[in-house]
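# A look at the structure
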Amino acid sequence: MIWLAAFFGVLMLAPTLLPNNYYLTILILGCLHAMNAVGLCLLVGHAGQISLGHAGFYGLGAYTTSYLSATVGLSVGLSMLAGVGLTVVVAVLVGLPSLKLKGHYLAMATLGFGIILSILFTETVDITGGPSGFVGIPRLTLFGWELRKDVTLFRLVALVLCLFVWLSFNLLHSRVGRALRALHTSERAAEAMGVDIANYKLLVFVLSAAFSGFAGVLYAHYLTFIAPSSFGFMFSVELIVMVVLGGMVSVPGAIVGAFFVTVLPEFLRAFENVEVLLFGAILVLCMMFLPDGMAGGWRRLLDWGKARLSGASHG
Amino acid sequence: MDPSSLLQYLITGLTLGSTYGLTALGFTIIFNTTGVINFAQGEFVMLGGMMSVYFMHALGLGEPAAVILAVLGATMAGALVERLAIRPVRDCPAINLVIITIGVSILIRGLAMLLWGKDTHALEPFSGYQPIMFLGAAIMPQAIWVLAISLFLLGALKLFFSGTIHGKAMLACSYDPKAASLVGIGVQRMVLLSFMISALVGAVGGVILAPITMTSYDVGIMLGLKGFAACILGGLGNPFGAAAGGVILGVLESLGAGFVSSAYKDALAFVILLILLFVKPSGLFGLKDSKRV
Amino acid sequence: MKAAKCVVALAVYLLACVPAFGADAVKIGAILSVTGPASFLGEPEKNTLVMLQDQINAAGGVNGRQVEVIVYDDESDVNKCVMAAKKLLDQDGVAVVIGPSISGNTLAISKFFSSAEVPLVSCAAAEKIVRPVDPWVFNTPQLDRHAVTSILQDAKAKGYAKLAILTVSDGYGQAGRGVLKELVPARGFELVADEVYGPKDTDMTAQLTKIKGAGADAIICWGTNPGPAVVARNRAQLGLSTPLYMSHGVASNKFIELAGDAAEGLVLPAGRLVAVDQVPADHPQKPVLEAYVAAYTKAFGPQISSFGGYAHDAFALVMEAISMGGSAASSDIRDNLEKISGFAGTSGVYTYSPENHNGLDESAFIMVTIENGGWKVAN
């Protein structure tokens, strides 16, 4: 828990170190992506299920709250709640039949779901504004108090991220976490032991969808503009890259992966068109040589360092 | 709706469906030999079309030479993919394989984008533009090429799998790799062969379709996904099911675009996919019922 | 160690990318779709801006100050456009921004500019950009309304009565569709079909078959490459002989290249830039057109496109505003842009005002027919 508090502290201090507002934008986006990644990490790394359509939940939360607050005129708080709520409901509806599938069938089902949502976002022009996006989303307003400054909004986002991480940790160290580890190791054995695997799989799926939906809601009210291209297949793949890079089972790793993927395009601006190639390469190489991701690599580095030191002292 | 419109939709559907069928065939061949779903299959289709364009424009080759070279090039790409990305990790859990093949597909797409740019390119039809009028509907000569070549490939593959020793060996690998290797079949070589054949089939599909729909670096995703949907529709593991599934999907999509809404026609393929996966994963002509899932 | 060396090398490279302009330079931002599906717009626009920047700096700059143009590529993606806008406003602190290249992107970012009080001179053609007028947003291309009016005038002259429209589902297409649905019945035609296709669609035979069944006298297709090229090809493949109008969005050689023989006989409104040599010598735009064509062809080869002209006009108008008012402050640029009158650009003759942030009318267009792979001015 100490490192979580330290992480939170660093985040709170960060805005003062940044030269201008643009970097703050990147930081906020990084935190939002991290929220998505943490949820997906629970699903992929711990429950052992794959989802190639998680960007759909991100978008569902974002569009629901945008439509309700800008077009229908509900208060921002209510719209946000509705956004997360709808995402949860859809996750349950999709998860129930999908999680019975395994391996590539599940991958395809989630992929198909993600793409259907993506097409819906693009085509229902009257509701979503179509490919040109949804303009004019009200800024985040909580209990009548509008978060006008970006820094305040960032602090809120950072708080929510740390909250999600704390929630995840608690989950993993509880009975649910043990059940997940059992089902990840062998579903049949777990079932034989009386673990209700269908329920636990659904729980984690819905939880990770809720994380994404919440992140989507914050995203919409921060940027005041959303467009379908943010919520398509490529973003789902980026989320997988974040989780894989971080080492599929490591929650802190997922956060690092998320920041890495968010910041990378800024550095690649000089090298156009390399982004896509790089993500593909990362996926392939990581899965082949570094299945524990950066977290695993880091751990191995530490172990190697320790071994060297103790080896040196033994002569 | 007048009958000539209906006929027109059917013809368009058959043409597109043949490509879906060829892509689906590629999926099936690899799945049958290795149990792996190769997400990068759609990219082989893209490579067929894009490499043809490249060979024609950059090297100034005539279309027939460019096309043949492109198909060969894509076949080589298939071999490379198997050697570099699949063979080292054959025993990985399913999730890892899925992610790796997705990574490969993105990698190929990224390379295509770097090498050939993001532009759309047109390929000359094999025998001209003049449509053939038939009962009020127009058939492009290219569409006849598509159907003919698809049928030919299907026939050739059937012969290969049931008639030649290599084909039978590949089927043996899919039933039981251990038993196959005990009998002296080089399983690794069969896997390599399966990737090469899939890439070839996919690339041919890409090449014959490109004159009709034009090609660019990102046509692979949608084609691959629809090809997979066609696979499931026809029953995963059944080559004829795959081809039939592709044609059915193409016709459904075309009719949907014509009679319901052209905006959502892409969604139709995925809705069908989802319904199938939830209700009857073994598809229309599926082999076994519950084992696969 | 190797990683550290890479990082150092990268840092040196990035630092070296800082251009050698003085602190006193007038900073102009630009967001253009240099890559992606709209690269046929953004690439000539970027080339034009770079060329004009060098030209004006060689001649001593504006008001004695050098001009620095910072160009970001939004890759035809609306989200990257939003990020680029934030970067230009927050990090680079530019005085004015030229672009984006596409309507959807422009509409997405225009609010940022009114709240930052920095003028935006867009190179996109949707009417929604300038009507209702946002005090800080201008555009330079001819409006879709002008294009539709030109097409309908031509259709009326040819005696067509029933029209069908086929539009793309992106910002440009939707905007055009709105104007078409308003003006087609208003001008006394019957709208018999209203079909839509997606920006990435590769087959429009279904839509064309429906249109054929509806018995239209002519079809108006509204989109940007590659869609209209597919439509043209599909029309030929289906053996349709119904006359086909295109929008000015395809007034470039890329369209002719993509559509091949299927482009023959198509009619569309275009700026005079595509057919410079057919413009009469006494036309006010002639000298501007010839100078631009000469300079661009010398720098980049004979790939002239009317879209590069949008950026040319935006830059020229901004320079005019700066030198008119003697100031490069954002609010002064904005005020002076509104005072510009009768300014000859490549797309037309501009007259801005507080109520008119587009400055052009139908006379900015000429109707052209594609003949023998080239543009022929119709009479």
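Further up the page is the structure itself.
What you are looking at is a predicted structure, and each value in this text was computed from that prediction instead of being measured. (Residues numbered from 1 in each chain as written. Chains lettered and ligands numbered in written order. Predicted model: local features only at pLDDT ≥ 70, side-chain atom pairs only at ≥ 80, totals over all residues. Heavy atoms only, no water.)

Let's shift gears to the overall build of chain C. Assigned secondary structure in chain C consists of 12 helices and 14 strands. Dimensions of chain C, computed from C-alpha atoms along their principal axes, come out at roughly 65 × 55 × 40 Å. A buried classification covers 62% of the 379 residues belonging to chain C. The long-range share in chain C, meaning contacts at least 24 apart out of those at least 6 apart in sequence, stands at 68%. Approximately 13600 Å² of chain C is accessible, and the part contributed by carbon and sulfur atoms is 54%. (Helix = DSSP H or I, 4+ residues; strand = E, 2+ residues; numbered from the N terminus. Buried < 20%, exposed > 50% of the residue type's maximum accessible area, 1.4 Å probe, protein only. Contact = heavy atoms within 4.5 Å. Areas by Shrake-Rupley, 256 points an atom, 1.4 Å probe, with all protein chains shown as cover.)

Moving on to the pattern of salt bridges. Residue and element names in this part refer to chain C. As enumerated under the stated definition, the model contains 14 salt bridges over all chains in all. Salt-bridge contacts for Lys-286 lead to Glu-290; the nearest nitrogen and oxygen are separated by 4.0 Å. Of the two residues, Lys-286 and Glu-290 are both situated in helix H10 (residues 286-300); the distance of four residues between them amounts to about one turn of the helix. The salt bridge involving Arg-334 is made with Asp-335; its shortest N-O contact spans 3.0 Å. (Salt bridge = Lys/Arg side-chain N within 4 Å of Asp/Glu carboxyl O.)

The step from Gly-99 of chain C to Pro-100 of chain C runs through a cis peptide bond, and the omega angle for that step is -5°. Relative to the helices and strands, Pro-100 of chain C resides in the loop between strand S3 (96-98) and helix H4 (103-116). A cis geometry characterises the amide bond from Arg-131 of chain C onward to Pro-132 of chain C, with omega recorded as 5°. With respect to the helices and strands, the residue Pro-132 of chain C is situated in the loop between strand S4 (120-122) and strand S5 (137-139). A positive phi angle, near 55°, is found at Thr-224 of chain A, a position not held by glycine. Looking at the element boundaries, Thr-224 of chain A is found in the loop between helix H10 (197-223) and strand S4 (225-226). By relative accessible area, Thr-224 of chain A is classed as buried at 18%. Look at Glu-75 of chain C: it is not a glycine, yet its phi comes out positive at around 55°.

Now for the pairing of strand S8 (residues 218-222) of chain C. Residues and elements named next belong to chain C. Counting buried positions over the five residues of S8 gives five, a clear majority of the element. Covered by surrounding structure in S8 are Ala-218, Ile-220 and Trp-222 together with Ile-219 and Cys-221, the residues of both alternating faces. Sheet topology note: the strand S6 (residues 162-168)/S8 ladder contains five bridges and is parallel. Across the sheet, the residue bridging to Ala-164 is Ile-219, located in S8. (Pairing = 2+ DSSP bridges.)

This part covers the interface of chain B and chain C. Each side of the interface is counted separately: chain B has 25 residues, and chain C has 27 residues. Its largest share of buried area at the contact with chain C, chain B owes to Lys-118, Tyr-129 and Met-214 of chain B, together 23% of the area lost on that side. Applying the counting rule to chain B against chain C returns zero salt bridges. On inspection of chain B and its partner chain C, the count reaches two residue pairs in polar contact (both at pLDDT 80 or more). Among the elements that line the side of chain B that touches chain C, the one with the most residues is helix H1 (residues 3-34) of chain B, at four residues. (Buried area = accessible area lost by both parts, 1.4 Å probe. Polar contact = N/O pair within 3.5 Å; in protein donor to acceptor, adjacent residues only side chain to side chain.)

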